[in-house]
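Per-entry structural report
Listed below are the residues making up each chain.
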Amino acid sequence: MSFSLLQRAELLIEGGDLAAALAALDEHLSAHPDDEAARRLRIAVCLRLPDPQHAALALADLDALASFAPADAIARWRLLREADPRSAAAALAAGWAASGDPRLAEPLIAAYCEAGETGAAQAILNALPETPGWLAWRARVSAAAGDVTAALAAYDAALRRFEGAGDPLSLAQAVALREERARLVGLPNREGTE
């Protein structure tokens, strides 16, 4: 049985041979430069190979895409966030503006907080429906802005909602939030202790 270069690349990725997968994708894309699925697959491989050469290749692939997917904005954010948090936030903001896709909201809020743009994070947060997750982000944005009192109030409200839900996922999120809250006030996390 013979495989196409793209099928071969997918098999190599599954097997963990990213260098060989990248070579197969490079060869496939040299013959089919408009294959956006292959380009996105190469971006995904480059994201798993954290060095400047692969980051540059992934950014060039992102620039070459003719269509937009929310995952593209998230990939650009992941590539830029350490070196240039403001550009990373701008990449997500452009994706949010182009699509309004709710999957971009949380990464965008995080990106704005990382870039020190808590006002912009707050504006995105204000556009979202109030949920327990929203309350958790309200706490994080308040903490990033230095408003510890508002952060603690939001953490406490989120914890009440998550713990009140009683399902395993909500309880797990409550444990993580309790740890975030404890770090904010500089206290060890002791279950049930405020």
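Below you will find a few notes about this structure. Predicted model only: the values in this text are computed from it and were never measured. (Residues numbered from 1 in each chain as written. Predicted model: local features only at pLDDT ≥ 70, side-chain atom pairs only at ≥ 80, totals over all residues. Heavy atoms only, no water.)

Owing to its 3.6 residues per turn, the α-helix brings residues three or four apart onto one side. The terminal C-alpha atoms of helix H4 (residues 52-64), which comprises 13 residues, lie 18 Å apart, in line with the 18 Å expected from a rise of 1.5 Å per residue. Among all positions in H4, only His54, Ala58, Asp61 and Leu62 are buried. The buried residues of H4 occupy one face: seen down the axis, they fall within an arc of 100°. Away from the buried face of H4 by more than 90 degrees, exposed residues Pro52, Gln53 and Asp63 are located. Packing partners of the buried residues in H4 comprise helix H2 (18-31), helix H3 (36-47) and helix H5 (70-80). The N-cap residue of H4 is Asp51: its side-chain oxygen and the backbone nitrogen of Gln53 are 3.1 Å apart. (Helix = DSSP H or I, 4+ residues; strand = E, 2+ residues; numbered from the N terminus. Expected span 1.5 Å × (residues − 1). Buried < 20%, exposed > 50% of the residue type's maximum accessible area, 1.4 Å probe, protein only. Arc of directions from axis to C-beta. Contact = heavy atoms within 4.5 Å. Polar contact = N/O pair within 3.5 Å; in protein donor to acceptor, adjacent residues only side chain to side chain.)

Their axes nearest at 8 Å, the elements helix H6 (residues 85-99) and helix H7 (residues 105-114) cross at an angle of 155°. Of the possible angle classes, the one that applies to H6 and H7 is roughly antiparallel. Considering the relative orientation of H6 and H7, their crossing is left-handed. Together, Pro85, Ala89, Leu92, Ala93 and Trp96 of H6 and Ala105, Pro107, Leu108, Ala111, Tyr112 and Glu114 of H7 make up the contact between the two elements. For the contact of H6 with H7, a count of residues per class yields 10 nonpolar, no polar and one charged. (Axes fitted to C-alpha atoms, helices over the stretch in contact; angles between N-to-C directions. Parallel < 35°, antiparallel > 145°, perpendicular 65-115°, else oblique. Left-handed = near helix turned anticlockwise from the far one by under 90°. Nonpolar A, V, L, I, M, F, W, Y, C, P; charged D, E, K, R; others polar.)

Turning our attention to the pattern of salt bridges. Pairing is possible between side chains of opposite charge, provided their charged atoms come close. Enumeration according to the criterion identifies 13 salt bridges in this entry. Its salt-bridge partner being Arg76, residue Asp63 comes within 2.9 Å of it at the nearest N-O pair. Residue Asp63 is found in helix H4, and its partner Arg76 is found in helix H5; the two are separated by 13 residues along the sequence. Classification of Asp63 by relative accessible area gives exposed; the value is 56%. (Salt bridge = Lys/Arg side-chain N within 4 Å of Asp/Glu carboxyl O.)

The next subject is the side chain of Arg42. Among the structural elements, Arg42 can be located in helix H3. In this structure the side chain of Arg42 is engaged in a polar contact, spanning 2.6 Å, whose partner is the side chain of Asp61. When sequence neighbours within four positions are dropped, the list of residues in contact with Arg42 reads Leu22, Leu25, Asp26, Leu29, Leu57 and Asp61.

What follows is about the nonpolar core. Counting 34 residues, the largest nonpolar core has Leu92, Leu108, Ile109, Tyr112 and Leu177 as the members making the most contacts within it. Of all the elements in the fold, those that place two or more residues in this core are H5, H6, H7, helix H8 (118-126), helix H9 (132-144), helix H10 (148-165) and helix H11 (168-185). Ranked by the residues each element gives to this core, the list is headed by H7, at seven residues. Residue contacts for Tyr112: discarding those within four places in its chain leaves Ala89, Ala93, Glu117, Thr118, Ala120, Ala121 and Ile124. Formed by 23 residues, the second largest nonpolar core is a distinct cluster that contains Leu12, Leu22, Cys46 and Leu79. (Core = buried A, V, L, I, M, F, W, Y, C linked by side-chain atoms within 4.5 Å.)

Bringing H11 into the picture now. With 18 residues, H11 should cover 26 Å at 1.5 Å per step; its first-to-last C-alpha distance of 26 Å lies within 8% of that length. Along H11, the residues that are buried comprise Ser170, Ala174, Leu177, Arg178, Glu180, Arg181 and Ala182. The inward-facing, buried residues of H11 contact H9 and H10.

Any aromatic ring pair is given by two values, namely how distant the centres are and how the planes are angled relative to each other. For the structure on display, the rule yields zero aromatic pairs. Across from the ring centre of Trp137, 4.7 Å away, lies the NZ or CZ of Arg140, which sits over that ring. (Phe/Tyr/Trp six-rings, centres within 6.5 Å; stacked < 30°, edge-to-face > 60°. Lys NZ or Arg CZ within 6 Å of the ring centre and 35° of its normal.)

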